[in-house]
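In case you want the letters, here they are:
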Amino acid sequence: MQIIAHGGVGGTREQDGCVEEALEKGSKGTETPLEAVVGVVRELEDDPIFNAGTGSRIRLDGTIQMDAAVMTPEDIGSIAAVERVRNPILVALEVYHSPYVFLAGADVTRFARKLGYEDYDPSTEKREKELAEMKNKLKGDDKELDDLRNFYRKVGFGDTVGCVAAEDGNYAAAVSTGGTDYCIRGRVGDSPVPGAGFFVGEHGAVVTTGKGEEIIKRMTAIRCHDMIPEYGIKEACRIGVENLPEDTTLGIIAVGEEGPWADSSREMPQAKKL
Ligand code: GLY
């Protein structure tokens, strides 16, 4: 099985070892691309250095809302704004196996509890400190706090974790995030949006990371997937990364017939298995 995983654009290549460890541990003993991508993303969620699961970014109101998704050519399971669960990717997998494709908000948290996912606080001291620093920067500028358009201008990194895998032409993708910094409650980025944060089709599997708003506007994952037959996987990823405003960060991982590939506008911790 061929697998590639990332720990979020805007991270550092010094974190490659952490992604590699998650890839090895999470894919061990798995028999299908779907099992592998879920296993790897689950491990990445459990590593507090990444912005997903434990260690997710904290919203400006002090809460954590997380998005996650899983996809194969057969089905999709996507969740937005789930709260207080340890592994959002496992809840997304429950949606994948349900009659639905996308659940959101308080009801996805209730759905998770009904299925036995216990209350879990994913915050860490590091994220609490980051939130305090962000709030300090906003201090004395209450108008800005009241103005959602200004929040939009402040949306920062959307470092996400993700994994794609392939075996004998079977593809799967999984993605998970705590959102961006300067993030208000209810904001949803690209990660749970099919075609934007992830896509799987006949040419391969694609996952993106970066500023979700720009990725959604461009439907980056499906566009990258659709370019694979004409341009090849490397060029498709490069075009995808370049098709963004200058101040925006974006990373893409993909796997197709030619194997796994990654491209990004800034450093992006990553690991692959051939
Ligand atoms: N890429 C993750 C987000 O924007 O929420």
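Quick caveat: nothing in here was measured; it's all calculated off a predicted structure.

Rules of the game
- Residues numbered from 1 in each chain as written.
- Predicted model: local features only at pLDDT ≥ 70, side-chain atom pairs only at ≥ 80, totals over all residues.
- Heavy atoms only, no water.
- Helix = DSSP H or I, 4+ residues; strand = E, 2+ residues; numbered from the N terminus.
- Rg over C-alpha atoms; globule rule 2.2 N^0.38 Å.
- Buried < 20%, exposed > 50% of the residue type's maximum accessible area, 1.4 Å probe, protein only.
- Contact = heavy atoms within 4.5 Å.
- Areas by Shrake-Rupley, 256 points an atom, 1.4 Å probe, with all protein chains shown as cover.
- Near = heavy atom within 4 Å.
- Polar contact = N/O pair within 3.5 Å; in protein donor to acceptor, adjacent residues only side chain to side chain.
- 1 Å grid on protein atoms, 1.4 Å probe; cavity = no way out; pocket = protein on both sides within 12 Å on 5 of 7 lines; lining within 4 Å.
- Sits in = over half its atoms within 2 Å of the grid points.
- Nonpolar A, V, L, I, M, F, W, Y, C, P; charged D, E, K, R; others polar.
- Axes fitted to C-alpha atoms, helices over the stretch in contact; angles between N-to-C directions.
- Left-handed = near helix turned anticlockwise from the far one by under 90°.
- Pairing = 2+ DSSP bridges.
- Disulfide = S-S within 2.5 Å.
- Points joined across faces, edges and corners; volume = space filled by probe spheres on them.
- Phe/Tyr/Trp six-rings, centres within 6.5 Å; stacked < 30°, edge-to-face > 60°.
- Lys NZ or Arg CZ within 6 Å of the ring centre and 35° of its normal.

### Some words on the overall build of the protein
Here comes step 1: A tally of helices and strands in the protein yields 10 helices and 11 strands.
Here comes step 2: What you see for the protein is a C-alpha radius of gyration of 17 Å, in line with the 19 Å of a compact globule of 274 residues.
Here comes step 3: Here the C-alpha coordinates of the protein stretch approximately 55 × 45 × 35 Å along the principal axes.
Here comes step 4: The buried share of the protein, taken over its 274 residues, is 58%.
Here comes step 5: Here the contacts in the protein between residues at least 6 apart in sequence split such that 67% fall between residues at least 24 apart.
Here comes step 6: Surface summary for the protein: the accessible area is close to 12,100 Å², and the carbon and sulfur share equals 48%.

### Some remarks on the site of the ligand
Here comes step 1: With respect to spatial proximity, 11 residues lie near the ligand, and among them Thr160, Arg187, Asp190, Gly210 and Gly212 are the closest.
Here comes step 2: Aspartate 190 places a side-chain nitrogen or oxygen 2.6 Å from a nitrogen atom of the ligand.
Here comes step 3: Isolated, the ligand exposes 200 Å² of accessible area, and the fraction of that covered by the protein chains is 100%.
Here comes step 4: When atom positions are compared with the pocket grids, the ligand is found to occupy the largest cavity.
Here comes step 5: In terms of residue class, the shell around the ligand is built from no nonpolar, 9 polar and 2 charged.

### Quick look at the environment of alanine 165
Here comes step 1: Structurally, alanine 165 is set in strand 5 (residues 161-167).
Here comes step 2: Taking the C-alpha atoms as reference, alanine 165 lies 7.3 Å from alanine 205; in sequence the two are 40 residues apart.
Here comes step 3: With residues up to four places along the chain from it excluded, the contact list for alanine 165 reads Met1, Gln2, Ile3, Pro33, Val37, Asn170, Tyr171, Ala172 and Val255.

### Structural notes on the packing of helix 9 (residues 220-231) against helix 10 (residues 233-242)
Here comes step 1: The interhelical angle for the contact between helix 9 and helix 10, taken along N-to-C directions, is 145°, at an axis separation of 7 Å. Helix-helix and strand crossings are classified by hand; for helix 9 and helix 10 the assignment is right-handed. Between helix 9 and helix 10, the residues in contact are Thr220, Cys224, Met227, Ile228 and Tyr231 and Ile233, Glu235, Ala236, Cys237, Ile239 and Gly240, respectively.
Here comes step 2: Classifying every residue of the contact of helix 9 with helix 10 gives 8 nonpolar, 2 polar and 1 charged.

### Things to note about the sheet that holds strand 6 (residues 170-177)
Here comes step 1: The strand order 4-3-2-6-5-1-11 describes an open sheet built from 7 strands, whose pairing is mixed. In the strand order of this sheet, the two ends are held by strand 4 (102-104) and strand 11 (270-273), each with one partner. The sheet shows a mean angle of 5° between the axes of neighbouring strands, direction not considered.
Here comes step 2: Relative to strand 5, strand 1 (residues 2-6) is paired through 5 bridges, and the arrangement is antiparallel.

### Considering the state of the cysteines
Here comes step 1: Counted according to the given criterion, the structure contains 0 disulfides.
Here comes step 2: Between cysteine 237, a free cysteine, and cysteine 224, which holds the nearest cysteine sulfur, the sulfur-to-sulfur gap is 4.2 Å.
Here comes step 3: Look at cysteine 237 and you get buried, because its relative accessible area is 0%.

### Some remarks on the environment of serine 123
Here comes step 1: Within the element layout of this structure, serine 123 appears in the loop between helix 4 (106-114) and helix 5 (125-138).
Here comes step 2: Given a relative accessible area of 21%, serine 123 falls into the partly exposed group.
Here comes step 3: Spatially, the C-alpha atoms of serine 123 and phenylalanine 111 are 21 Å apart, while their sequence positions differ by 12 residues.
Here comes step 4: Setting aside chain neighbours within four positions, we find serine 123 in contact with Ile58, Ile64 and Glu128.

### Points about the layout of surface pockets
Here comes step 1: One number sums up the size of the largest pocket: a volume of about 150 Å³.
Here comes step 2: Of the residues in the lining of the largest pocket, the class split is 4 nonpolar, 6 polar and 5 charged.

### So, the packing of aromatic side chains
Here comes step 1: In total, this model carries 0 aromatic pairs according to the counting rule given.
Here comes step 2: Here lysine 234 stacks its cationic end above the ring of tryptophan 261, 4.7 Å away from the centre of that ring.

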